[in-house]
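Inside the fold
Residues per chain, in single letters:
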Amino acid sequence: MRVGVWLYGLATIATGILDIVWREFEASHQPIKALGQHIPGEQVLAVIAGIWLVAAGIAILWRPTARIGAAGSAMIYAIFALFWVPRLYAMTHALGLRIGVVVFCVGGAAAQLLLAAPSPIIYVATAAPDSVRRGRAIIVARWILGLPPITFGLGHLINLHAYGRFVPPSVPFGLFWVVLTGIAFLLAGSAIISGVRDVLAARMLALMLFLFEFMVEIPPVFAHPRSQGAWGGAVYNLTVIGACWIFAEFVGGIQVNRREIELVEHFDTARPGTTV
(Lines give C-alpha, C1' and ligand atoms only; values in the text may rest on other atoms or scores of the structure.)
Protein backbone atom coordinates (compact mmCIF):
# COMPACT_ATOMS: atom_id res chain seq x y z
CA MET A 1 0.00 0.00 0.00
CA ARG A 2 3.07 2.23 -0.26
CA VAL A 3 1.73 4.65 -2.90
CA GLY A 4 -1.64 5.16 -1.21
CA VAL A 5 -0.15 5.47 2.28
CA TRP A 6 2.40 8.06 1.20
CA LEU A 7 -0.19 10.14 -0.65
CA TYR A 8 -2.64 9.92 2.25
CA GLY A 9 0.00 10.68 4.86
CA LEU A 10 1.54 13.62 3.00
CA ALA A 11 -1.90 15.10 2.25
CA THR A 12 -2.84 14.79 5.93
CA ILE A 13 0.37 16.64 6.82
CA ALA A 14 -0.46 19.34 4.27
CA THR A 15 -3.96 19.74 5.75
CA GLY A 16 -2.41 20.32 9.15
CA ILE A 17 0.09 22.83 7.77
CA LEU A 18 -2.76 24.85 6.23
CA ASP A 19 -4.52 25.06 9.62
CA ILE A 20 -1.27 26.11 11.30
CA VAL A 21 -0.31 28.72 8.70
CA TRP A 22 -3.74 30.36 8.59
CA ARG A 23 -4.41 29.65 12.30
CA GLU A 24 -7.95 28.93 11.21
CA PHE A 25 -10.10 25.91 10.42
CA GLU A 26 -10.71 25.47 6.71
CA ALA A 27 -14.36 26.48 6.41
CA SER A 28 -15.39 24.19 3.54
CA HIS A 29 -14.36 20.98 5.29
CA GLN A 30 -13.92 21.96 8.94
CA PRO A 31 -16.94 24.23 9.60
CA ILE A 32 -16.33 24.96 13.26
CA LYS A 33 -18.01 28.36 12.87
CA ALA A 34 -21.31 26.49 12.80
CA LEU A 35 -20.85 26.49 16.58
CA GLY A 36 -20.69 30.29 16.60
CA GLN A 37 -18.94 33.16 14.87
CA HIS A 38 -16.79 34.02 17.89
CA ILE A 39 -15.44 30.85 19.50
CA PRO A 40 -13.02 31.47 22.37
CA GLY A 41 -9.54 30.25 21.53
CA GLU A 42 -10.46 29.33 17.97
CA GLN A 43 -6.99 30.14 16.62
CA VAL A 44 -5.36 28.04 19.33
CA LEU A 45 -7.70 25.15 18.54
CA ALA A 46 -6.88 25.44 14.83
CA VAL A 47 -3.14 25.27 15.56
CA ILE A 48 -3.66 22.27 17.86
CA ALA A 49 -5.69 20.51 15.17
CA GLY A 50 -3.00 21.34 12.64
CA ILE A 51 -0.24 19.90 14.83
CA TRP A 52 -2.39 16.81 15.42
CA LEU A 53 -2.81 16.32 11.67
CA VAL A 54 0.89 16.81 10.97
CA ALA A 55 1.85 14.36 13.72
CA ALA A 56 -0.70 11.79 12.52
CA GLY A 57 0.46 12.10 8.92
CA ILE A 58 4.11 11.67 9.86
CA ALA A 59 3.29 8.68 12.07
CA ILE A 60 1.43 6.95 9.24
CA LEU A 61 4.51 7.12 7.02
CA TRP A 62 6.67 5.19 9.51
CA ARG A 63 5.63 1.55 9.91
CA PRO A 64 6.31 1.23 13.69
CA THR A 65 3.95 4.16 14.39
CA ALA A 66 1.55 3.69 11.47
CA ARG A 67 -1.28 2.35 13.63
CA ILE A 68 -1.03 5.31 16.01
CA GLY A 69 -1.05 7.70 13.07
CA ALA A 70 -4.03 5.97 11.47
CA ALA A 71 -6.00 6.14 14.72
CA GLY A 72 -5.05 9.79 15.22
CA SER A 73 -6.09 10.79 11.71
CA ALA A 74 -9.39 8.91 12.03
CA MET A 75 -10.15 10.69 15.30
CA ILE A 76 -9.48 14.21 14.01
CA TYR A 77 -11.42 13.63 10.78
CA ALA A 78 -14.34 12.27 12.84
CA ILE A 79 -14.25 15.47 14.92
CA PHE A 80 -14.40 17.53 11.72
CA ALA A 81 -17.41 15.45 10.65
CA LEU A 82 -19.19 16.36 13.89
CA PHE A 83 -18.87 20.06 12.99
CA TRP A 84 -21.47 19.41 10.31
CA VAL A 85 -24.17 18.59 12.88
CA PRO A 86 -24.61 22.19 14.09
CA ARG A 87 -24.17 23.35 10.51
CA LEU A 88 -27.13 21.18 9.50
CA TYR A 89 -29.17 22.74 12.29
CA ALA A 90 -28.16 26.27 11.26
CA MET A 91 -28.86 25.72 7.57
CA THR A 92 -32.25 24.06 8.11
CA HIS A 93 -33.16 26.88 10.51
CA ALA A 94 -32.25 29.50 7.91
CA LEU A 95 -33.38 27.75 4.70
CA GLY A 96 -35.96 25.28 5.96
CA LEU A 97 -35.91 21.49 6.04
CA ARG A 98 -35.16 20.84 2.39
CA ILE A 99 -33.80 17.63 0.91
CA GLY A 100 -31.02 19.52 -0.86
CA VAL A 101 -29.85 21.10 2.41
CA VAL A 102 -29.93 17.78 4.27
CA VAL A 103 -28.03 15.95 1.52
CA PHE A 104 -25.45 18.75 1.38
CA CYS A 105 -24.73 18.61 5.11
CA VAL A 106 -24.79 14.82 5.29
CA GLY A 107 -22.39 14.78 2.37
CA GLY A 108 -20.12 17.24 4.15
CA ALA A 109 -19.96 15.02 7.22
CA ALA A 110 -19.48 11.93 5.07
CA ALA A 111 -16.62 13.64 3.24
CA GLN A 112 -14.68 13.80 6.50
CA LEU A 113 -15.64 10.31 7.65
CA LEU A 114 -14.40 8.95 4.32
CA LEU A 115 -10.89 10.01 5.34
CA ALA A 116 -11.08 7.59 8.27
CA ALA A 117 -11.43 4.62 5.89
CA PRO A 118 -7.67 3.84 5.74
CA SER A 119 -7.46 3.52 9.54
CA PRO A 120 -8.72 -0.09 9.92
CA ILE A 121 -6.74 -1.20 6.87
CA ILE A 122 -3.47 0.31 8.08
CA TYR A 123 -4.08 -1.18 11.52
CA VAL A 124 -4.39 -4.77 10.30
CA ALA A 125 -1.74 -4.36 7.60
CA THR A 126 0.88 -3.45 10.21
CA ALA A 127 -0.21 -6.04 12.80
CA ALA A 128 0.38 -9.79 12.97
CA PRO A 129 -1.50 -11.70 10.24
CA ASP A 130 -5.05 -12.45 11.32
CA SER A 131 -7.63 -13.40 8.71
CA VAL A 132 -10.58 -12.62 11.00
CA ARG A 133 -9.37 -9.12 11.84
CA ARG A 134 -8.44 -8.55 8.22
CA GLY A 135 -11.95 -9.47 7.08
CA ARG A 136 -13.55 -7.19 9.66
CA ALA A 137 -11.24 -4.32 8.73
CA ILE A 138 -12.18 -4.66 5.07
CA ILE A 139 -15.89 -4.59 5.91
CA VAL A 140 -15.50 -1.44 8.04
CA ALA A 141 -13.33 0.27 5.42
CA ARG A 142 -15.73 -0.78 2.66
CA TRP A 143 -18.67 1.00 4.31
CA ILE A 144 -16.73 4.09 5.38
CA LEU A 145 -15.27 4.50 1.90
CA GLY A 146 -18.38 3.47 -0.04
CA LEU A 147 -21.19 5.44 1.61
CA PRO A 148 -19.77 8.98 1.10
CA PRO A 149 -19.59 8.72 -2.72
CA ILE A 150 -23.26 7.76 -2.69
CA THR A 151 -24.09 10.95 -0.76
CA PHE A 152 -21.87 12.90 -3.20
CA GLY A 153 -23.76 11.43 -6.11
CA LEU A 154 -27.14 12.29 -4.60
CA GLY A 155 -25.88 15.80 -3.91
CA HIS A 156 -24.86 16.27 -7.54
CA LEU A 157 -28.20 15.02 -8.86
CA ILE A 158 -30.33 16.99 -6.39
CA ASN A 159 -28.35 20.26 -6.43
CA LEU A 160 -27.52 20.38 -10.12
CA HIS A 161 -27.08 24.12 -10.48
CA ALA A 162 -25.11 24.46 -7.24
CA TYR A 163 -22.53 21.93 -8.43
CA GLY A 164 -22.66 23.35 -11.95
CA ARG A 165 -20.65 26.31 -10.61
CA PHE A 166 -17.62 24.05 -10.31
CA VAL A 167 -17.60 23.06 -13.97
CA PRO A 168 -14.94 25.14 -15.79
CA PRO A 169 -16.56 27.74 -18.08
CA SER A 170 -14.57 26.39 -21.02
CA VAL A 171 -16.31 23.01 -20.71
CA PRO A 172 -19.61 22.87 -22.66
CA PHE A 173 -22.81 21.24 -21.37
CA GLY A 174 -21.96 21.88 -17.73
CA LEU A 175 -25.07 20.27 -16.24
CA PHE A 176 -24.48 17.12 -18.28
CA TRP A 177 -21.11 16.65 -16.61
CA VAL A 178 -22.65 17.25 -13.20
CA VAL A 179 -25.20 14.49 -13.83
CA LEU A 180 -22.52 12.16 -15.21
CA THR A 181 -20.31 12.81 -12.18
CA GLY A 182 -23.23 12.14 -9.84
CA ILE A 183 -23.95 8.82 -11.52
CA ALA A 184 -20.25 7.90 -11.37
CA PHE A 185 -20.16 8.60 -7.64
CA LEU A 186 -23.27 6.47 -7.09
CA LEU A 187 -21.87 3.55 -9.08
CA ALA A 188 -18.46 3.72 -7.40
CA GLY A 189 -19.93 3.82 -3.90
CA SER A 190 -22.36 1.00 -4.63
CA ALA A 191 -19.59 -1.19 -6.08
CA ILE A 192 -17.28 -0.61 -3.11
CA ILE A 193 -20.00 -1.45 -0.58
CA SER A 194 -21.28 -4.50 -2.45
CA GLY A 195 -17.83 -5.89 -3.19
CA VAL A 196 -18.67 -6.26 -6.88
CA ARG A 197 -15.70 -4.88 -8.83
CA ASP A 198 -14.80 -2.95 -5.70
CA VAL A 199 -11.09 -2.63 -6.49
CA LEU A 200 -11.83 -1.37 -9.99
CA ALA A 201 -14.40 1.06 -8.58
CA ALA A 202 -11.91 2.44 -6.02
CA ARG A 203 -9.28 2.91 -8.72
CA MET A 204 -11.70 4.57 -11.12
CA LEU A 205 -12.92 6.84 -8.33
CA ALA A 206 -9.32 7.80 -7.60
CA LEU A 207 -8.75 8.46 -11.31
CA MET A 208 -11.83 10.66 -11.57
CA LEU A 209 -10.76 12.67 -8.54
CA PHE A 210 -7.24 12.94 -10.00
CA LEU A 211 -8.72 14.53 -13.12
CA PHE A 212 -10.80 16.85 -10.93
CA GLU A 213 -7.60 17.89 -9.17
CA PHE A 214 -6.28 19.48 -12.35
CA MET A 215 -9.59 20.65 -13.82
CA VAL A 216 -11.40 21.93 -10.72
CA GLU A 217 -9.16 22.14 -7.64
CA ILE A 218 -5.78 23.46 -8.81
CA PRO A 219 -6.98 26.46 -10.91
CA PRO A 220 -8.43 28.26 -7.82
CA VAL A 221 -5.06 27.83 -6.06
CA PHE A 222 -3.37 29.86 -8.80
CA ALA A 223 -6.25 32.33 -9.02
CA HIS A 224 -6.41 32.86 -5.24
CA PRO A 225 -3.06 31.76 -3.75
CA ARG A 226 -3.84 33.43 -0.41
CA SER A 227 -7.13 31.55 0.03
CA GLN A 228 -7.09 28.74 2.57
CA GLY A 229 -10.25 27.36 1.01
CA ALA A 230 -8.60 27.02 -2.42
CA TRP A 231 -5.61 25.17 -0.97
CA GLY A 232 -7.84 23.13 1.33
CA GLY A 233 -9.99 21.85 -1.54
CA ALA A 234 -6.95 20.72 -3.53
CA VAL A 235 -5.34 19.01 -0.54
CA TYR A 236 -8.58 17.34 0.56
CA ASN A 237 -9.00 15.86 -2.90
CA LEU A 238 -5.50 14.35 -2.75
CA THR A 239 -6.27 12.87 0.67
CA VAL A 240 -9.35 11.12 -0.72
CA ILE A 241 -7.33 9.79 -3.65
CA GLY A 242 -4.86 8.35 -1.16
CA ALA A 243 -7.67 6.73 0.83
CA CYS A 244 -9.12 5.15 -2.32
CA TRP A 245 -5.73 3.86 -3.39
CA ILE A 246 -5.02 2.31 0.03
CA PHE A 247 -8.28 0.37 -0.22
CA ALA A 248 -7.61 -0.69 -3.81
CA GLU A 249 -4.05 -1.83 -3.08
CA PHE A 250 -4.96 -3.73 0.08
CA VAL A 251 -8.09 -5.48 -1.18
CA GLY A 252 -6.56 -6.03 -4.62
CA GLY A 253 -3.51 -7.65 -3.04
CA ILE A 254 -5.70 -10.03 -1.03
CA GLN A 255 -7.65 -10.98 -4.14
CA VAL A 256 -4.45 -11.71 -6.07
CA ASN A 257 -3.12 -13.87 -3.25
CA ARG A 258 -6.41 -15.75 -3.06
CA ARG A 259 -6.34 -16.47 -6.80
CA GLU A 260 -2.74 -17.69 -6.58
CA ILE A 261 -3.64 -20.07 -3.76
CA GLU A 262 -6.66 -21.36 -5.70
CA LEU A 263 -4.47 -21.88 -8.78
CA VAL A 264 -1.89 -23.85 -6.80
CA GLU A 265 -4.63 -25.97 -5.21
CA HIS A 266 -6.14 -26.57 -8.65
CA PHE A 267 -2.89 -27.93 -10.09
CA ASP A 268 -2.25 -29.87 -6.90
CA THR A 269 -5.57 -31.70 -7.17
CA ALA A 270 -5.25 -32.08 -10.95
CA ARG A 271 -1.97 -33.99 -10.56
CA PRO A 272 -2.34 -36.55 -7.75
CA GLY A 273 0.85 -37.58 -6.08
CA THR A 274 2.52 -34.15 -6.38
CA THR A 275 3.24 -31.92 -3.45
CA VAL A 276 3.54 -28.18 -3.17
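Everything that follows concerns the structure shown earlier in this document.
Presented here is a report on the structure given in the accompanying data block. Remember, predicted model here, so these are calculated numbers, not experimental data.

**Some words on the overall build of the protein chain**
Secondary structure summary: the protein chain contains eleven helices and zero strands in total. Secondary structure elements of the protein chain, listed N to C terminal, follow the sequence α-α-α-α-α-α-α-α-α-α-α. Over its C-alpha atoms the protein chain spans a radius of gyration of 20 Å, differing by no more than 12% from the 19 Å that the globule rule assigns to 276 residues. Taken along its principal axes, the extent of the C-alpha atoms in the protein chain is 75 × 45 × 35 Å. Scored against the burial criterion, the 276 residues of the protein chain give a buried share of 43%. Partitioning the contacts of the protein chain with sequence separation of at least 6, the portion at a separation of at least 24 is 73%.

**Quick word on the packing of aromatic side chains**
Considering all chains together, one arrives at nine aromatic pairs under this definition. With 5.1 Å between their ring centres and 75° between their planes, Phe 210 and Phe 214 make a pair best called edge-to-face. Of this pair, Phe 210 and Phe 214 both sit in helix H10 (residues 198-223), four residues apart, which is roughly one turn of that helix. Grouped by ring-pair contacts, the aromatic residues Phe 25, Tyr 77, Phe 80 and Phe 83 constitute a single cluster. The ring centre of Tyr 123 lies 5.1 Å from the NZ or CZ of Arg 67, which sits over that ring. For the cation-ring pair, Arg 203 lies above Trp 245, with the distance from its terminal atom to the ring centre recorded as 5.9 Å.

Scoring rules and cut-offs
Residues numbered from 1 in each chain as written. Predicted model: local features only at pLDDT ≥ 70, side-chain atom pairs only at ≥ 80, totals over all residues. Heavy atoms only, no water. Helix = DSSP H or I, 4+ residues; strand = E, 2+ residues; numbered from the N terminus. Rg over C-alpha atoms; globule rule 2.2 N^0.38 Å. Buried < 20%, exposed > 50% of the residue type's maximum accessible area, 1.4 Å probe, protein only. Contact = heavy atoms within 4.5 Å. Phe/Tyr/Trp six-rings, centres within 6.5 Å; stacked < 30°, edge-to-face > 60°. Lys NZ or Arg CZ within 6 Å of the ring centre and 35° of its normal.

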